[in-house]
Amino acid sequence: MRIVLVGPPGAGKGTQAAFLAKNLSIPHISTGDLFRANISQGTPLGRQAQEFMRAGQLVPDEVTIGMAIDRMSQPDAAKGFLLDGFPRNLAQAKALDEYLHGADLRLNAVLDLEAPEAEVVRRIAGRRICRNDSSHVFHVTGRPPKTAGVCDECGGELYQREDDSEETVRKRLEVYHSETEPITDFYKAQDLVVTIPALGKVGEVTQRAMDALADRSG
Ligand code: ADP
């Protein structure tokens, strides 16, 4: 299956993507994670992305589109993938369409995670992520680790993302409304959008998503 996950920052895309990718046996491709890996390795791409991410802005398409398509072209993605954080604007959505068209592939669904703004701000403000694996996500009150600052799953160090500060979160939400939301209409026109509420327990949201995807595998 080829799935695109959309939704505001803090809707739980990363958390859900990790579970869904496992359930569906497809790779979880997160452009945010790819950028963060490049930043921590000090690559030229990472250096290019860093200032934009810090400011809560989109990394320019010239950098992002090539990186995403390169990742989608890897052998492990031949049978499908779950895209998280890409496409994030109309130009990226069109570039993805072109790539898929050229490879004679198509998307099965665009899963839209819906969450109220107050809730996403609360989630992001308390979010803590494992340095070893960004799919190990905790929340200071919502999902506290057993030991403060330590990942329950692997013992890694938990940290707060640099762009999770309140000011940057506001900017990211603004960018989401102006740049990313319009792609939902683009995909609605292709009859691909499935909207699910992202409130409730993590497992409940995963189940809703799996139910919504069940009849989209063809
Ligand atoms: P979130 O969905 O919580 O905002 P991500 O990890 O997906 O977090 O993205 C973090 C940042 O990485 C974004 O604010 C942006 O700067 C950059 N980024 C990720 N994906 C893209 C993309 N497709 N296009 C441009 N910038 C991106």
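We now turn to the structure provided with this report. (Residues numbered from 1 in each chain as written. Predicted model: local features only at pLDDT ≥ 70, side-chain atom pairs only at ≥ 80, totals over all residues. Heavy atoms only, no water.)

Quick look at the pairing of strand β3 (residues 81-84)
Here comes step 1: By the alternation rule, side chains of β3 split into Phe81 and Leu83 and Leu82 and Asp84, which are all buried.
Here comes step 2: Here strand β1 (residues 2-6) runs beside β3; their pairing, made up of four bridges, is parallel. Within the sheet, the bridge partner assigned to arginine 2 lies in β3 and is phenylalanine 81.
Here comes step 3: Where strand β2 (residues 28-30) and β3 come together, three bridges link them in parallel fashion. Bridge pairing in β3 links isoleucine 29 to leucine 83. (Buried < 20%, exposed > 50% of the residue type's maximum accessible area, 1.4 Å probe, protein only. Helix = DSSP H or I, 4+ residues; strand = E, 2+ residues; numbered from the N terminus. Pairing = 2+ DSSP bridges.)

Examining the pairing of β1
Residues in a regular strand point their side chains to alternate faces of the sheet.
Here comes step 1: In terms of residue burial, β1 counts as a mostly covered element, since five of its five residues are buried.
Here comes step 2: Going residue by residue along β1, you find Arg2, Val4 and Val6 tucked away on one face and Ile3 and Leu5 tucked away on the opposite face as well.
Here comes step 3: The pairing of β1 with strand β4 (residues 109-114) spans four bridges and is classified as parallel. Its bridge partner being in β4, isoleucine 3 is matched across the sheet by alanine 109.

Here's the deal with the sheet that holds strand β6 (residues 137-139)
Here comes step 1: The sheet built from three strands is open, its strands ordered β6-β5-β7 with antiparallel pairing. This sheet does not close on itself; its edge strands, each paired only once, are β6 and β7 (158-159).
Here comes step 2: Of the strand pairs in this sheet, strand β5 (residues 127-130) and β7 are connected by two bridges, and their pairing is antiparallel. By the bridge assignment, isoleucine 129 is partnered in β7 with tyrosine 159.
Here comes step 3: The strands touched by helix α6 (residues 117-125) are β5 and β6; relative to β5, the strand with the most contacts, the crossing angle is about 50°. (Contact = heavy atoms within 4.5 Å. Axes fitted to C-alpha atoms, helices over the stretch in contact; angles between N-to-C directions.)

Geometric values such as these leave the question of function open.
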